[in-house]
Amino acid sequence: MSKAHFGLIGLGVMGENLILNAERNGFSSVVYNRTYAKTEAFLAGRGSGKQIIGATSLQDFVNKLERPRRILMMIKAGQPIDDTINAISLYLEEGDLLIDGGNSLYTDTERRVIELEQKRFGYIGMGISGGAKGALEGPSMMPGGTRQAYEDVKDLLYKMAAQVEDGPCVAYIGPRGAGHFVKTVHNGIEYGIEQILAEAYDLMKRVDGMNGEQMAKILDAWNETEELSSYLVEITSACLKTKDPGDGSDLVEKIVDKAGQKGTGLWTVISALEMGVPVPTIYASLNGRVMSSMKDERTLGESIFGGPIVLPFDIGNPSNNMQPLEDACVLACMASYAQGLALLVEASRLHEYNLNMSSIAQIWKGGCIIRSRLLKRIQDAYTSNPSLTNLVFDPWFTKQINKRLPGLASVVAGASKAGIPTPCFSATLDYINSYRTSRLPQNLVQAMRDCFGAHTYERIDQKGNFHTEWIQ
Ligand SMILES: *[C@@H]1O[C@H](CO)[C@@H](O)[C@H](O)[C@H]1NC(C)=O
Ligand SMILES: *[C@@H]1O[C@H](CO)[C@@H](O)[C@H](O)[C@H]1NC(C)=O
Ligand SMILES: *[C@@H]1O[C@H](CO)[C@@H](O)[C@H](O)[C@H]1NC(C)=O
């Protein structure tokens, strides 16, 4: 057999599906897994009858690839990536290209791109979104590294990616860790939207006593709207409709209410804090997961804290699409995107990524978990104004906020009185209210800081730094 076009290290579900995708698109492939039995099982199973061969060692793997070699690593982030790079570097030659398709910490990718480029190898840190199905049928891909490395692998990525009306869901993101950073923030936005839909479910269930079937109908109706139509709304409806095969009741009610959080959500929030970008809706979703995992303490708390419970309140009804609740969901989802994108804008400035925001929105329109119709509006917003500081200032989004703010406010107010936590809705309301308040009370914070620490303050009516002896 002639040499293979493409190589894969790591036969997990994502790796298998990506290589089947590449092969279907005409790229013969060679696969390697540290456990050869795993490789054999794949070749005898899903990989059989295809232009896919196996390799018994990394050296064998490298020898079976045409040059310049193009190798995708789908293995655990962290040390395993460094170990694999070190092991395979012995056999690579100048111009060969390694792609890390996992969820690596972007600063690790920054370091690796620089190290590998010094050895004259290409290195791409590439975010891939779409889950197992997306990997097989067409994911959204966010490659970062040198432009040259990207050019070497562009033909392959174009064919493998999801396709939307204006092209494939992949584009050169930027240098060094840019691709992994954009994927990290993608996941942060995803955390936000998942929590928002969970809050909507909680309110429909606890305030209006709706069952899974009834809630799914609402989500299906929302999925028909430009503002909410999305993959996550669609699968939420499917989850709510699903019955426990045992007794025919709603299956979600049988699931333990604890959600973990892996690296990317946390990294989004850490980066935002470091870069001084407010991402309260995304942070609230992360914190919501952390609170959820404290099940024992919450159970204790429920038995000891009294307090007001004022029910019911108006979250709308099926005949009006649950209007206030729909408003809350729309604005909170917009806030998740707006905060994530604002973080990308700042990261682009700090790290000189030169991110093309409209192109990032384009890539997210298909294949990935946060794909939605709203992304077309987001793409348009950044196309018409590439230096937009925050989505809230785009005229279409401004109109949405003005129209839907009363709905969001009434949901948050009602939930507060009912004692139902709505961390993302509440954080979104505070975010928007802060954005529309030109004078915040931090003047008093400055006074306190000057009082106890002589930190000085600025005045609205005079230039300079001032200090006052506040306590006589
Ligand atoms: C080998 O395959 C397993 C999946 O069975 C995967 O989790 C692991 O990362 C792979 N490792 C390497 C080094 O190929
Ligand atoms: C939900 O909307 C998406 C478009 O965002 C569409 O592709 C999908 O078919 C819709 N799902 C349902 C169940 O109507
Ligand atoms: C950003 O990407 C779009 C394609 O999505 C392209 O049309 C546009 O020219 C790019 N802008 C810049 C400044 O490169």
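Calculation notes
- Residues numbered from 1 in each chain as written.
- Chains lettered and ligands numbered in written order.
- Predicted model: local features only at pLDDT ≥ 70, side-chain atom pairs only at ≥ 80, totals over all residues.
- Heavy atoms only, no water.
- Buried < 20%, exposed > 50% of the residue type's maximum accessible area, 1.4 Å probe, protein only.
- Helix = DSSP H or I, 4+ residues; strand = E, 2+ residues; numbered from the N terminus.
- Right-handed = clockwise from strand over helix to strand, strands pointing away.
- Pairing = 2+ DSSP bridges.
- Axes fitted to C-alpha atoms, helices over the stretch in contact; angles between N-to-C directions.
- Contact = heavy atoms within 4.5 Å.
- Near = heavy atom within 4 Å.
- Polar contact = N/O pair within 3.5 Å; in protein donor to acceptor, adjacent residues only side chain to side chain.
- Areas by Shrake-Rupley, 256 points an atom, 1.4 Å probe, with all protein chains shown as cover.
- Nonpolar A, V, L, I, M, F, W, Y, C, P; charged D, E, K, R; others polar.
- Core = buried A, V, L, I, M, F, W, Y, C linked by side-chain atoms within 4.5 Å.
- Expected span 1.5 Å × (residues − 1).

Let's talk about the pairing of strand 4 (residues 70-73)
- Of the two faces of strand 4, the one carrying R70 and L72 and the one carrying I71 and M73 are both buried.
- In this region the chain leaves strand 4, passes through helix 4 (residues 79-89) and returns to the parallel neighbour strand 5 (residues 97-100); the handedness of that crossover is right-handed.

A word on the sheet that holds strand 7 (residues 140-145)
- Taken in spatial order, the 7 strands make up an open sheet running 3-2-1-4-5-6-7, and their pairing is mixed. Looking along the sheet, the strands with just one partner apiece sit at the ends: strand 3 (52-54) and strand 7. Averaged over all adjacent pairs, the angle separating strand axes in this sheet is 25°, with direction ignored.
- Sheet topology places strand 1 (residues 6-9) next to strand 2 (residues 29-32); 4 bridges connect them, and they run parallel. Bridging from a neighbouring strand, G7 pairs with V30 of strand 2.
- Packed on one face of the sheet, helix 1 (residues 13-24) meets strand 1, strand 2, strand 3, strand 4 and strand 6 (122-129) and runs near 170° to strand 1.
- In this fold helix 4 packs onto strand 1, strand 4, strand 5 and strand 6, with an angle of close to 155° to the strand it touches most, strand 4.

Description of the site of ligand 1
- As a structural note, the neighbourhood of ligand 1 is formed by G10, L11, G12, Y32, N33, R34, K38 and I75.
- Backbone polar atom of R34 to an oxygen atom of ligand 1: 3.2 Å apart, as the coordinates give it.
- For ligand 1, the protein covers 69% of the area, taking 360 Å² as the surface of the free molecule.
- For the shell around ligand 1, the class distribution of residues is 3 nonpolar, 3 polar and 2 charged.

Considerations on the nonpolar core
- Counting residues in hydrophobic clusters, the biggest one holds 90 residues, and the most contacted among them are L203, L325, Y337, L344, W364, L391 and F425.
- Setting aside anything within four residues of it in sequence, one finds F425 in contact with I196, E199, A200, L203, L325, A328, C329, A332, L408, V411 and V412.
- If you look at the next biggest cluster of nonpolar residues, it comprises 29 residues, including F6, L8, L11 and I124.

Some thoughts on the pairing of strand 7
- With respect to burial, strand 7 is a largely interior element, 6 of its 6 residues being buried.
- Across the two faces of strand 7 the burial is the same, with S140, M142 and G144 and M141, P143 and G145 all buried.
- As paired elements, strand 6 and strand 7 share 6 bridges and run antiparallel to each other. Its bridge partner lying in strand 7, M126 is registered against P143.

Regarding helix 8 (residues 178-208)
- With 31 residues, helix 8 should reach 45 Å at 1.5 Å per residue; the first-to-last C-alpha distance of 45 Å fits that figure.
- Just beyond helix 8, the residue with positive phi is G209, at close to 60°.

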